[in-house]
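# Reading the structure
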Amino acid sequence: MLMRFVSVAVALLAAPLLPGLINKTKSAFAGRKGPPVLQLYFDLAKLLKKGAVYSPVTTWIFRAGPVVSLASYLIASLFVPFGGDSFLSFSGDVIAFAYLLGLARFFTVLAALDTGSSFEGMGASREVTFSILAEPTIFILFIVLARISGSLSLSHMVTPEQVLMNPSTVGLLLLIVFSLFVVCLAENSRIPVDDPATHLELTMIHEVMVLDHSGPDLAFILYGASLKLFLMVSLLAHLLFPIRAANSAQGWLLFGILVAIVTISIGIVESAMARLRMVRIPRLLIAACMIAIFAMIIGLR
Amino acid sequence: MEHVTQLLLILVILANLFVLGSHPLGACIRAVALQGIALGLLPLFLHAEERSVHLVFLSIGMIGLKGFLLPGLLFRAIRDAALRKEQEPLIGFNTALVLGAGLIGLGFAIAAKLPLPPGTAASIVVPVALATVMMGLLVIVTRGKILSQALGYIMLENGIFTFGLILVKGLPGLIETGVLLDIFAGVFIMGTVIEHINREFGSISAYKLSNLKE
């Protein structure tokens, strides 16, 4: 029990490292020195010290948004195994996991609409439009994983050791990883879909919804976003190497290395690609969804 | 060997999906070239226990023709006719992708019903072959440019080749050489004719080729 608690606590503390690592990779590609890896920790500390400003037209929904979404991410992180066993696990917890992510998105969108700003409404509309394509993909991938691992609990689904017994599922796992990687880029508003580095640009999605939040609220949102990235990256890290290590120290070391690899590859994708045009984004997500369906067809056979 | 076979077949399907969903013609040609190379490697791994001169010859012919010669011809046709590198799809790319996934499902459904020789039923060779044939047909009927249609034709033939692979032991080399030569002649003629069509009509859209004249 203590080990599980430690692994969740370390994960929650380490989450803000990922955006720093991505930025460092991008800077290295551009030949710059870049902000320190710990930059997000400094930002969070600064924001937590400030006071929040609330517009008089907003209601309690605007204040509840960041709190509810951060709480959902925190609870969702209990279901994810970070190199060992997950903190909580029951049959069917994948549905809870997916809906917690959905709840967080729902409240972020509501808070954006609550400000009454047309700009934020536009961002909210885009966020919901793209999630229509991203969420079915996640569910299809969960169906395939449940099938090949024979379990409905997230911590067993992402480490399907049966794959190694059956050579014909290795290609399947590659399809799943590719599809989940695209969804991860879209869900965390990384570059081919959204540009996390810009403000006040007409094509952005996530940044536009949080323009009116300030102080601790913004800190919650930034931390929540890094936690969401960490959750999806850890699912990818487990799927890349679906074997449980012999003891927890080895497991954590391996997990840390894999998370770093996935994060750096996100940074490489961001450095190598330009953001897609808005009308092309659905096609990318549909392609990811069709690849997931292909995986499902092979997996259910 | 099972791993490699499956990876190659998955690559074939991914190339199909890529052609269905992507806009630039050059990228589509490269994807089909990659598909040809993957298919060229397939016989070596599918029949790993009995590699013969026949198989190696087939492999080299397939890779050389589908991986390098035909794409080269198509690229030359683009350059000669100074084409704009875009396609004129009859249906949108998103719809084409969704239809493509539907065709994959259909391929698997049909393959489950077919009376297949023993030992091939568990493998995904037959469903992938059927899906590739149908996706090639989809490209032919939904893309207006003659060049895209040539691409669909190559995809279609790739599917037939995949299907033939399960019977490769009983198939004489002469027939395979003949089929490969037919494809080569077909695409070669298309490649050279495209320039003339372009000069004559000022476009290579198949929609403008609706009536015959002396």
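In this report, the structure presented in the accompanying data block is examined.

Reading guide: rules and limits
- Residues numbered from 1 in each chain as written.
- Chains lettered and ligands numbered in written order.
- Predicted model: local features only at pLDDT ≥ 70, side-chain atom pairs only at ≥ 80, totals over all residues.
- Heavy atoms only, no water.
- Salt bridge = Lys/Arg side-chain N within 4 Å of Asp/Glu carboxyl O.
- Helix = DSSP H or I, 4+ residues; strand = E, 2+ residues; numbered from the N terminus.
- Buried < 20%, exposed > 50% of the residue type's maximum accessible area, 1.4 Å probe, protein only.
- Contact = heavy atoms within 4.5 Å.
- Polar contact = N/O pair within 3.5 Å; in protein donor to acceptor, adjacent residues only side chain to side chain.
- Phe/Tyr/Trp six-rings, centres within 6.5 Å; stacked < 30°, edge-to-face > 60°.

### Structural notes on the pattern of salt bridges
Residues and elements named next belong to chain A. Per the counting criterion, the structure on display carries 8 salt bridges over all chains. We note a salt bridge from aspartate 85 to arginine 4, for which the minimum N-O separation is 3.9 Å. Of this pair, aspartate 85 sits in the loop between helix H4 (60-78) and helix H5 (93-114) while arginine 4 sits in helix H1 (residues 2-14), placing them 81 residues apart in sequence. Using a relative accessible area of 36% as the deciding quantity, one classes aspartate 85 as partly exposed.

### Things to note about the interface of chain B and chain A
Chain B puts 24 residues into the contact, and the matching count from chain A is 20 residues. Viewed at the interface, chain A and chain B are joined by 0 salt bridges. At the boundary of chain B with chain A, the tally comes to 1 residue pair in polar contact (both at pLDDT 80 or more). Among the secondary structure elements, those contributing two or more residues to the side of chain B that touches chain A are helix H1 (2-21) and helix H4 (93-113) of chain B. In terms of residue count, the dominant contributor to the side of chain B that touches chain A is H1 of chain B (9 residues).

### Considering the packing of aromatic side chains
By convention here, two paired aromatic rings are described through the distance between centres and the angle between planes. Residue and element names in this part refer to chain A. Applying the stated criterion to the full structure yields 9 aromatic pairs over all chains. Measuring from centroid to centroid gives 5.6 Å for phenylalanine 79 and phenylalanine 90, while their planes differ by 85 degrees, and the two rings are edge-to-face. Placement of phenylalanine 79 in the loop between H4 and H5 and of phenylalanine 90 in the loop between H4 and H5 is noted, with a sequence separation of 11 residues between them. Judged by relative accessible area, which is 40%, phenylalanine 90 ranks as partly exposed. On the basis of an interplanar angle of 85 degrees and a centroid distance of 5.9 Å, the ring pair of phenylalanine 106 and phenylalanine 107 is categorised as edge-to-face. Judged by its relative accessible area of 48%, phenylalanine 106 falls in the partly exposed class. Taken together through their ring pairs, the aromatic side chains of Phe82, Phe230 and Phe255 make up a single cluster.

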